[in-house]
Amino acid sequence: MVVNGQTAEKRKSLSLSALNSSGQFDISELVNRVIERFGRHQVLIYLLLCTNSIIVAINHTLTTFHIYTPAAYQCADQATETGNIPENGTCTADCNDYTFYDNDTSVVTQWSLVCDRRYLSALLNTIYFVGVTMGSLVCGVICDMVGRKKMILFCLYAQGAFGTSLYLANSLEMFMVLRLIQGFFIQGLQGCGYTLLMEMIPPKKRTFCGITWECFWGIGMVMLGIIAYFIRDWRDLQLALAVPTLLTLIYTWMFPESPKWFLAKNKKRQAFDTVVAIAKKNNDQEFFKEYNSMQMETYETNEKHDPESAPLKGFHEEEVHETASILDLFKNRILLKHSICMITVFFSVTLSYYGILLYLPNLPGGRHLNFVLSALIEITAYIIAYFALSSNYLGRRRSMIGYQYLNSIFCMSIGLLTLIEEDYAFKRYAIIFLALVGKGLAVSGFGGMFIYGSELFPTSTRATALGLCGLFARVGSLLAPQIILLGEKTHSIVPMTIMSVGLLFGGTFTFFVPETLNKPLPNKVSEVDAMWGKH
């Protein structure tokens, strides 16, 4: 007998594979089967979750336009007295109010963050990423406690509320506090949204879906560059970017809770109800046929031993899994090596990404055009990274080494070109080209390090390890604006040299970790020694 192309014998083997030694079937088997099919409803949820990446990208890079500094300015008292317009910025001792000769307004022009107050503009980005760092630690813990969906919705509307409040900020201190809090919820939105996304797709599609999430990041940057071109006042720009959060009310009710989170919390009934709802929306008739077959096998098996247990439908207790903590990352020699290597990679790649991003507005040419071009290059880099990371020849290891070494060369080349004092056209265009390609390489490394990092650690410590690596990545994003400011105080070659050396270390350290492409993922710490003990 054949039903939908599947023989009765095969169906029976599928149902028996879901039974445990007690004659009951595991609910996780049903969850996995629904997720593996990746039906149309999951595709829709996946695409809607990717829109969160647009929101995160816009807010993570918005400081680029917040700290825009016009070329010509002078002390307001001198401007009133003489009326002369300087060609370049003119600093005056003991002056707290400057006049800027530009139609664009930014946080810098609002509160005169130039000259001896220049450090405050760099501090804006640092304070924002302090909030991001705290959000990555706190929201992740809460997300595991209360669920993915609740935290996604809470963080989504909280960041929208605080983003809208920035429009009303009447002091620099208030602006900084609001941005810090917004950064906290933005990171919660990113972390919880990405977690739900990964838990709703099958393992074989995680590389593709992870890269697509990053492509939506690039789309968000393109949108920001275009909107900022037409809206030149920072308050109006802030409002235009924050208010559309209300549009998400149209579809956020569709987000399901993660069935895998329900299983982790031993809420088997909720997990079952969730996958049944997903299967119905997918019109997955095969799922219900398999489930009925499992039910029959379970009933017949249990009836022979204990007829009263048959109607329980296999909702048995979860097996006890190995528990691990952050200390296991330092106790195990191999995990310690992986941790040190990936911490270096996360830090150096993130530092170079945000360093080049903040350096781009200072390049010759239109700042909006440069920003949009860099975003388009970023999307292209993610697409190329997908093929490189999936290639049997390059794989994860060679790709990450190549990205970091090449970007190290590009960053150092930019620094060396800045040593040329004459303003040659060749110099200007060469710096633009090197910076844009360098950002593309940083982007490729950015997308690859999360995939590679997740595969180098066992399931029992994977989230903890990625959280630790993410913490050092945030340190890189915190230091990036300060390093760019250091270059303004010294020479442009200084920040480029720092980023180049960091990438050189990151690429070299990657030699000491194994290739993970198409390799089974270890579940326990004990399996790490068996897989990579002789690497």
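Fair warning: this is a prediction, and the values are worked out from it, not measured in the lab.

Draft legend 1. The arrangement of the overall build of the chain in detail. Looking only at helices and strands, the chain has 22 helices and four strands in total. Across the 535 residues that make up the chain, the buried fraction comes to 54%. Pairs at least 24 residues apart make up 78% of the contacts formed inside the chain by residues separated by at least 6 positions. Accessible surface, the chain: about 23,900 Å² in total, of which carbon and sulfur atoms supply 63%.

Draft legend 2. How the structure looks around the state of the cysteines. Applying the stated criterion across every chain, the model contains two disulfides. One disulfide bridge connects C91 with C115, the sulfur atoms lying 2.0 Å from each other. Here the S-S torsion is close to -95°, and the disulfide linking C91 with C115 is therefore left-handed. Of this pair, C91 sits in the loop between α5 (76–82) and β4 (98–100) while C115 sits in the loop between α6 (107–110) and α7 (118–146), placing them 24 residues apart in sequence. C91 sits in the partly exposed class, given a relative accessible area of 47%.

Draft legend 3. Seen up close, the nonpolar core. By size, the foremost hydrophobic cluster in this structure holds 122 residues, and its most contacted members are M221 and Y353. Examining the composition of this core, we find that 15 residues originate from one element, helix α16 (residues 333–359), more than from any other. In this structure Y353 touches W217, M221, E378, K439, A442 and V443, once residues within four positions along its chain are discounted. I67, C115, I127 and L166 belong to the second-largest nonpolar core, a separate cluster that totals 22 residues.

Draft legend 4. Local environment of helix α13 (residues 268–281). Along its 14 residues, α13 runs 20 Å from first to last C-alpha, staying within 8% of the 20 Å computed at 1.5 Å per residue. Buried residues of α13: K268, A271, F272, T274, V275, V276, I278 and A279, and no others. Of the residues trailing α13, N283 is marked for its positive phi of about 55°.

Draft legend 5. Examining the packing of aromatic side chains more closely. Inspection of the entire model under this criterion finds 24 aromatic pairs. Here the aromatic rings of Y73 and Y98 are separated by 5.9 Å at their centres, their planes lie at 85°, and the arrangement is edge-to-face. Here Y73 is found in strand β3 (residues 73–75), whereas its partner Y98 is found in strand β4, with 25 residues between them in sequence. Residue Y73 is classed as buried on the basis of its relative accessible area of 11%. Y98 sits in the buried class, given a relative accessible area of 5%. Each ring, one from F175 and one from W234, has its centre 5.4 Å from the other, and the planes form 85°; the classification is edge-to-face. A residue pair is termed long-range when its members are at least 10 positions apart, and F175 in helix α9 (residues 172–199) and W234 in helix α11 (residues 234–242) qualify at 59 residues. For the pair formed by F175 and W234, the shared burial category is buried.

Draft legend 6. Summary view of the confidence of the model for the chain. Per-residue pLDDT for the chain has a mean of 80; in total, 84% of the residues score no lower than 70. In the model of the chain, strand β1 (residues 2–3) stands out as the element of lowest mean pLDDT, 39, in contrast to α11, which has the highest, 94. This stretch, residues 1–24, has a pLDDT under 50; its non-local contacts, to residues over four places away or in other chains, come to 45 contacts. Taken as a whole, residues 299–321 scores under 50 in pLDDT and shows 31 contacts with residues more than four places along the chain or in a different chain.

Draft legend 7. Inspection of the pattern of salt bridges at higher detail. According to the stated counting rule, one finds four salt bridges in the structure shown. Between R232 and D104 there is a salt bridge; the shortest N-O distance is 2.8 Å. Taken together, the positions of R232 in the loop between α10 (206–230) and α11 and D104 in the loop between β4 and α6 put the pair 128 residues apart, joining distant regions of the chain. In this structure R232 comes out as partly exposed when scored by relative accessible area, which is 31%. Look at D104 and you get buried, because its relative accessible area is 7%. Across the pair R367 and D104 runs a salt bridge, and its minimum N-O distance is 2.5 Å. Separated by 263 residues along the polypeptide, R367 in helix α17 (residues 367–390) and D104 in the loop between β4 and α6 bring together distant segments of the chain. For the pair formed by R367 and D104, the shared burial category is buried.

Criteria and thresholds
- Sequence order sets the numbering: in each chain, residues are counted from 1 along the sequence as written.
- Note on the predicted model: pLDDT of at least 70 is required for a residue's local features to be given, and 80 or more for side-chain atom pairs to be given and counted; whole-chain, interface and lining totals, by contrast, use all residues.
- With hydrogens and water excluded, all non-hydrogen atoms of the structure serve as input to the side-chain values.
- Secondary structure follows DSSP: runs of H or I at least 4 residues long count as helices, runs of E at least 2 residues long count as strands, and numbering of each begins at the N terminus.
- Whether a residue is buried, partly exposed or exposed follows from its accessible area with a 1.4 Å probe, protein chains only, as a fraction of its type maximum: under 20%, in between, or over 50%, in that order.
- We call two residues contacting when some pair of their heavy atoms lies within 4.5 Å.
- Computed with a 1.4 Å probe, the accessible areas rest on the Shrake-Rupley method; for each residue, only the protein chains presented here act as cover.
- Pairs of cysteine sulfur atoms within 2.5 Å are what we label disulfides.
- In this description, a nonpolar core means a group of buried Ala, Val, Leu, Ile, Met, Phe, Trp, Tyr and Cys residues linked to one another through side-chain atoms lying within 4.5 Å.
- One less than the residue count of a helix, multiplied by 1.5 Å, gives the span that helix is expected to have.
- Any two of the Phe, Tyr and Trp rings considered here, Trp counted by its six-membered ring, make a pair once their centres fall within 6.5 Å; the pair's planes then place it as stacked at under 30 degrees, edge-to-face at over 60, or tilted in between.
- Scored between 0 and 100, pLDDT is the confidence that the predictor attaches to each residue.
- Here, a salt bridge means any side-chain nitrogen of Lys or Arg that lies within 4 Å of a carboxyl oxygen of Asp or Glu.

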